[in-house]
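Working through the structure, step by step
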Amino acid sequence: MASHCKIRGCFNFRSATGRNRDGGLKQPLTGVRRGADCAGLLHSAGLRATAQRHRTLKVFMEADEPLSPEQAWKSMGASGADRATVYRTVRCLCSADILHHAYTVGRMSYYELADRCGDTACHPHFMCRSCGNVTCFDYSEAPRGYGVPAGYVVERQRLTLYGLCPGCMGGA
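What this report covers is the structure whose coordinates are included nearby. Nothing here was measured: the structure is a model prediction, and the numbers come from that model.

A short note on the packing of aromatic side chains
One pass over the structure, following the stated rule, counts one aromatic pair. Ring geometry for Tyr103 against Tyr110: centres 5.1 Å apart, planes inclined by 20°, an arrangement best described as stacked.

Some details on the environment of Leu161
Its location among the elements puts Leu161 in strand β7 (residues 160-163). Under the relative-accessibility criterion, Leu161 is labelled partly exposed at 33%. When neighbours within four sequence positions are excluded, Leu161 is seen to be in contact with His125, Phe126, Met127 and Phe137.

Remarks on the nonpolar core
Core analysis: the largest hydrophobic core is formed by 24 residues, its most contacted members being Leu47, Leu57, Phe60, Val90, Leu93, Ile98 and Leu99. Where this core is concerned, the elements lending two or more residues are α1 (38-44), α2 (51-62), α3 (69-76), α4 (83-95) and β4 (108-113). Looking at this core, the element that brings in the most residues is α4, giving five residues. One finds Tyr103, Tyr110, Met127 and Val134 within the second-largest nonpolar core, a separate group that totals five residues.

Re the packing of α3 against α4
At a closest axis distance of 9 Å, the pairing of α3 and α4 adopts a crossing angle of 125°. One element, α3, and the other, α4, form an angle in the oblique class. Every pair of crossing elements has a handedness; the one defined by α3 and α4 is right-handed. In this structure, α3 contributes Pro69, Glu70, Ala72, Trp73 and Met76 to the contact, and α4 contributes Arg83, Val86, Tyr87 and Val90. Residue composition of the contact of α3 with α4, grouped by class: seven nonpolar, no polar and two charged.

Examining the sheet that holds β7
Strand pairing in a sheet is mediated by backbone hydrogen bonds. Such pairs are either parallel or antiparallel. Taken together, three strands build an open sheet; the order of strands is β6-β5-β7 and the sheet is mixed. Here the strands that pair on one side only, and so sit at the sheet edges, are β6 (134-136) and β7. Adjacent strand axes in the sheet meet at a mean angle of 20° when their direction is disregarded. The sheet contact formed by strand β5 (residues 125-128) and β7 spans four bridges and is parallel. From the neighbouring strand, Cys128 faces β7, where its bridge partner is Gly163.

Structural notes on the side chain of Glu112
Summarising the element assignment, Glu112 is placed in strand β4. Residue contacts for Glu112: discarding those within four places in its chain leaves Phe60, Pro66, Ile98, Leu99, His100, Ala102, His123, His125 and Cys136.

Rules of the game
- Here, residues in each chain are numbered from 1, in the same order as that chain's written sequence.
- Reporting of local features is limited, given that this is a predicted model, to residues whose pLDDT is at least 70; pairs of side-chain atoms are given and counted only at 80 or more, and all residues count toward the totals for whole chains, interfaces and linings.
- Processing note: side-chain calculations cover all non-hydrogen atoms of the structure and skip hydrogens and water entirely.
- Pairing of aromatic rings covers Phe, Tyr and Trp, the last counted by its six-membered ring, and requires centre-to-centre distances within 6.5 Å; plane angles under 30 degrees mean stacked, over 60 mean edge-to-face, and any other angle means tilted.
- We count a stretch as a helix when DSSP gives it H or I for four or more residues in a row; a strand needs E for two or more, and each element gets its number in order from the N terminus.
- The cut-offs for exposure are 20% and 50% of the maximum accessible area for each residue type, with area from a 1.4 Å probe on protein chains only; residues under the lower value are buried, those over the upper are exposed, and the others partly exposed.
- Note on contacts: a residue pair qualifies if any of its non-hydrogen atoms lie within 4.5 Å across the two residues.
- Joining through side-chain atoms within 4.5 Å is the link that ties buried Ala, Val, Leu, Ile, Met, Phe, Trp, Tyr and Cys residues into a set, and such a set is a nonpolar core.
- Each axis is a line fitted through C-alpha atoms, and for a helix only the stretch in contact is used; angles between axes span 0 to 180 degrees, taken between their N-to-C directions.
- Oblique is the label for every angle not falling under 35 degrees (roughly parallel), over 145 degrees (roughly antiparallel), or within 65 to 115 degrees (roughly perpendicular).
- Here a crossing is called left-handed whenever its near helix is offset anticlockwise from the far helix by less than a right angle, and right-handed whenever the offset is clockwise.
- In this classification, the charged set is Asp, Glu, Lys and Arg, the nonpolar set is Ala, Val, Leu, Ile, Met, Phe, Trp, Tyr, Cys and Pro, and all remaining amino acids, among them Gly, are polar.
- Two strands pair if DSSP finds at least two bridges between them.

See the structure below:
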């Protein structure tokens, strides 16, 4: 049975709570990868393949780095959807595990395809504190639950490293 993800017109087969019908954690869709068929990917997630979703997803599939919804909207130009539709579509694609929240800078959130996430962790990001550039690192196993007090259970982790990139180290 499909469930509504609290975004108008966005239906998928996973609950919006982050859990499958059997109570287990949601797993990323296996078809999420660069170059995949947008319509097929939307259908496999239980979403209708509207023109706005297709255009928004295509922008993220062609991006080499995480994008904010604002950047996605601007990259669509005149052929894209209105700004509010892009923001709603990004939330819907996140709910369907096609996109995931990569990181936040100030008040702006950035998203990317969920193609480089494992079952319990996403690939690490490095954010330069001087120039602000963010680099995605290949997935590596970070110590899971390191330093978590007794009684807590880590179900998923995200890692962002902060420091100076090679370009800024030369000027430091």
